[in-house]
Amino acid sequence: MSSDKESVLAVAKNENLPSDAREIIKDPMYLEFLGLKREASYYEKDLEQAIITHLQEFLLEIGNGFSFVARQKRIHIDGDEFFVDLVFYNRLLQCFVLIEIKTHKLTHQDIGQLQMYVNYYDRIEKNENENPTIGILLCANKNDGVVKFTLPESNKSIIASQYHLYLPTEQQLLEEVNKELANFQEDRKEI
């Protein structure tokens, strides 16, 4: 589903190292392995607990090279206390990866919160030889326009990735295949 399939495949086959975090971080992520029931509604802590319980499967779903560092990592900023939902380290990117879980539609406030955490890690936690921290907003729904206009155009540190708790239905898969075929045919016409 990546827009740059060749680069993603080359990274997956270990033919080259990723130049951008988007090459190894999936969007959307399918979290069906968490075993959450379809009918229920969930709090962020429920989703976080399910991820921790199924950490190995989550690491495989999120992308390549991830190692778990912390859960609910406490940070202090001038007397205020904040908690980063999940902290990982990516050995391919050589940087911290912070994940904030949102069970609602992504907002510009969510992006600002994660940007603060990323800035903190870049200024306090990371070593000189490490690359800048990456933040992933794992959200139930997102508006790409809100992401685009909240972050600077040169942004490479914050990624919004939508999650789905269940694999798509057969009808949804057919619709996606038909959409991709239409895009392919449109691209061929332009050539």
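Relevant structure appears above.
Position numbers for residues count from 1 along each chain, tracking the sequence in the order it is written. Reporting of local features is limited, given that this is a predicted model, to residues whose pLDDT is at least 70; pairs of side-chain atoms are given and counted only at 80 or more, and all residues count toward the totals for whole chains, interfaces and linings. Values reported for side chains reflect all heavy atoms of the structure, with hydrogen atoms and water molecules removed beforehand.

A. The arrangement of the overall build of the protein chain in detail. The helix count covers DSSP runs of H or I at least four residues long, the strand count covers runs of E at least two residues long, and both are numbered beginning at the N terminus. Per the secondary structure count, the protein chain includes six helices and six strands. Starting at the N terminus and ending at the C terminus, the protein chain contains elements arranged as α-β-α-α-β-β-β-α-β-α-β-α. In the protein chain, buried positions account for 38% of the 191 residues. Throughout, a residue-residue contact means that at least one pair of heavy atoms, one from each residue, lies within 4.5 Å. A fraction of 62% describes how many contacts in the protein chain between residues 6 or more apart in sequence connect residues 24 or more apart. Surface accessibility of the protein chain: about 11,900 Å² in total, with carbon and sulfur atoms responsible for 49%. Here the term buried applies to any residue with accessible area under 20% of the maximum for its type, exposed to any over 50%, and partly exposed to those in between, with areas from a 1.4 Å probe on protein chains only. The Shrake-Rupley method, run with a 1.4 Å probe sphere, supplies the accessible areas, and residue values consider only the shown protein chains as cover.

B. Looking closely at the side chain of K102. Counting through the fold element by element, K102 comes out in strand β4 (residues 95-105). Overall, the relative accessible area of 7% leaves K102 in the buried class. Polar contacts, as used here, are pairs of N or O atoms within 3.5 Å; protein pairs need one atom able to donate a hydrogen and one able to accept it. Residues neighboring in sequence count only if both atoms are side-chain atoms. Of the polar contacts made by the side chain of K102, one reaches the side chain of Q113; its length is 3.0 Å. What K102 contacts, discounting residues up to four positions off in sequence, is E44, D110, Q113, L137, L138, C139, A140 and Y163.

C. Here's a closer look at the packing of aromatic side chains. Centres within 6.5 Å are what make two rings of Phe, Tyr or Trp a pair, Trp counting through its six-membered ring; a difference in plane orientation under 30 degrees is then read as stacked, over 60 as edge-to-face, and the rest as tilted. With the rule as written, the count across this model stands at six aromatic pairs. Ring plane angle 90° and centroid distance 6.3 Å describe the contact between F66 and F88, whose orientation is recorded as edge-to-face. Here F66, found in strand β2 (residues 66-77), pairs with F88, found in strand β3 (residues 80-90); they are 22 residues apart in sequence, far enough to count as distant. Take F66: its relative accessible area is 9%, and that puts it in the buried class. Take F88: its relative accessible area is 0%, and that puts it in the buried class. Members of the aromatic cluster, each reached through a chain of ring pairs, are Y89, F96, Y120 and Y121.

D. Seen up close, helix α4 (residues 108-125). The span you would expect from a helix comes to 1.5 Å times its residue count less one. Compared with an ideal rise of 1.5 Å per residue, which puts 18 residues at 26 Å, α4 spans 25 Å between its outermost C-alpha atoms and is within 8% of the ideal. For α4, every residue scored as buried is listed here: D110, I111, L114, Y117, V118, Y120 and Y121.

E. Structural context of the pattern of salt bridges. When a carboxyl oxygen of Asp or Glu lies within 4 Å of a side-chain nitrogen of Lys or Arg, that pair is called a salt bridge. A full pass over the atoms with the stated rule returns four salt bridges. For the salt bridge of E81 with R74, the shortest nitrogen-to-oxygen distance reads 3.2 Å. Judged by relative accessible area, E81 falls into the partly exposed class, the value being 40%. A salt bridge links K102 to E100; its shortest N-O distance comes to 3.7 Å. Given the relative accessible area of 2%, E100 is considered buried.

F. Here's a closer look at the environment of K105. Locating K105 in the fold gives a position in strand β4. Judged by its relative accessible area of 45%, K105 falls in the partly exposed class. Not counting the four nearest positions on each side in its chain, K105 is found in contact with D110, N141, K142 and N143.

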